[in-house]
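Chain and residue survey
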Amino acid sequence: MEPLVLYRKYRPKTFEEVVGQEMITKVLKNAIGQRKISHAYLFTGKHGTGKTTVARILAKAVNCLDEKNKPCDVCQSCKEFNSGKTLDLVEIDAASSRGIDEVRALKEAIKFLPFKNRFRVYIIDEVHMLTREAFNALLKTLEEPPKHIIFI
């Protein structure tokens, strides 16, 4: 049996459930509603402020089949994002995968189209932990990513 992890069980699933980041969630919802989605987002802040949570909600919202400015949590895409079983959301822990070889593998992987959704979203957590060489290699990809990729 998998141990109960409270932060996963009680993690917000919609922008409305996020507490303390109303300005950010409003901007993101408006961008999605106006179909002005950027190819990359940089979230900063102290530990525990909701950066990864908002990134996951954003990834779900841009791929929601309901096509509103928020995830519906009913469509197949939202269900897959909620369960963590989608192949179109890739979370990378840059603190442990911080070398040039990992970035080269990432650059190869982004060439492929999303499996089921409109976008494949890469959440690179702790990106400041990348080595200088890895970050320089990633920079070119961040500047000119394929249209089907979003980096957070």
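The notes below deal with the structure included here. No experiment lies behind these values; they were computed from the predicted model shown. (Residues numbered from 1 in each chain as written. Predicted model: local features only at pLDDT ≥ 70, side-chain atom pairs only at ≥ 80, totals over all residues. Heavy atoms only, no water.)

Some thoughts on the overall build of the protein chain
Quick note on the threshold: Counting from the N terminus, the helices are the DSSP runs of H or I reaching at least four residues and the strands are the DSSP runs of E reaching at least two. With C-alpha atoms as the basis for the radius of gyration, the globule rule is written as 2.2 Å multiplied by the number of residues raised to the power 0.38. For every residue, the accessible area obtained with a 1.4 Å probe (protein chains only) is divided by the maximum for its type, and the residue is called buried under 20%, exposed over 50%, and partly exposed between those limits. All accessible areas in this document rest on Shrake-Rupley with a 1.4 Å probe, and a residue is counted as covered only by the protein chains that are shown. When charges are counted, Lys and Arg contribute as positive and Asp and Glu as negative, whereas His and the chain ends are disregarded. To locate a charge, take atom NZ for lysine, CZ for arginine, CG for aspartate or CD for glutamate.
Scanning the protein chain from terminus to terminus reveals six helices and three strands. Order of helices (α) and strands (β) in the protein chain, N terminus to C terminus: α-α-α-α-β-α-β-α-β. Against the compact-globule benchmark of 15 Å for 152 residues, the protein chain has a radius of gyration of 15 Å, which places it among compact chains. Along the longest, intermediate and shortest principal axes, the C-alpha atoms of the protein chain span 40 × 35 × 35 Å. Across the 152 residues of the protein chain, 36% fall into the buried class. Accessible surface, the protein chain: about 9,700 Å² in total, of which carbon and sulfur atoms supply 56%. Of the side-chain charges in the protein chain, 26 are positive and 19 negative, and the distance between the mean point of each set is 4 Å.

Notes on helix H4 (residues 76–83)
Which entries qualify depends on this criterion: What the arc measures is the spread of directions leading from the helix axis to the C-beta atoms. We call two residues contacting when some pair of their heavy atoms lies within 4.5 Å.
Taken as a whole, H4 has its buried residues at Ser77, Cys78, Glu80 and Phe81. Down the axis of H4, the smallest arc covering the buried residues is 160 degrees, so these residues share one side. Tucked into the core, H4 has its buried residues touching helix H3 (51–63) and strand S1 (89–93). With its phi angle positive at about 80 degrees, Gly84 sits one or two positions after the end of H4.

Overview of H3
This is how it is decided: Multiply 1.5 Å by the residue count of a helix minus one, and that product is the helix's expected span.
Across its 13 residues, H3 extends 19 Å between first and last C-alpha, which sits within 8% of the 18 Å expected from 1.5 Å per residue. By the criterion of burial, H3 is predominantly enclosed, with eleven of the 13 residues buried. Residues Thr52, Thr53, Val54, Ala55, Ile57, Leu58, Ala59, Lys60, Ala61, Val62 and Asn63 constitute the buried set of H3.

Some points on unusual backbone geometry
Even without a glycine there, the phi angle at Asp73 is positive, about 60 degrees. Take Asp73: it is sitting in the loop between H3 and H4. If you check the backbone angles, Glu126 has positive phi at about 60 degrees while not being a glycine. Inspection of the secondary structure assignment puts Glu126 in the loop between strand S2 (120–125) and helix H6 (132–143).

Some words on the environment of Pro71
Along the chain, the position of Pro71 falls in the loop between H3 and H4. Between the C-alpha atoms of Pro71 and Ile92, which are 21 residues apart in sequence, the distance is 23 Å. Apart from the residues lying within four places of it in its own chain, the contact partners of Pro71 are Lys13, Thr14, Phe15, Ile57, Lys60, Ala61, Cys64 and Cys78.

Brief notes about the nonpolar core
Applied cut-off: For the purposes of this section, nonpolar cores are sets of buried Ala, Val, Leu, Ile, Met, Phe, Trp, Tyr and Cys residues that join through side-chain atoms within 4.5 Å.
Phe15, Leu58, Val62, Val121, Ile150 and Ile152 are the most contacted members of the largest nonpolar core, which has 19 residues in total. Going through the elements one at a time, helix H2 (22–33), H3 and S2 are the ones with two or more residues in this core. Considering every element that reaches this core, the biggest residue donor is H3, with seven residues. In this structure, Leu58 is in contact with Phe15, Leu28, Ile32, Tyr41, Phe43 and Ile152, ignoring residues within four places of it in sequence. Membership of the second largest hydrophobic core comes to 13 residues, among which are Ile92, Ile110, Ile124 and Leu138.

Quick look at the pairing of S2
For the record, the criterion: Following DSSP output, two strands are said to pair if at least two bridges run between them. Handedness rule for crossovers: strands pointing away from the viewer, path from the first strand over the helix to the second running clockwise, crossover right-handed.
Among the six residues in S2, five count as buried, and that is most of the element. Looking at chain direction, S1 and S2 are connected through five bridges and run parallel. In the strand pairing of S2, Leu89 is matched with Val121. Following the chain from S2 across H6 to the adjacent parallel strand S3 (residues 149–151), one finds a crossover that is right-handed.

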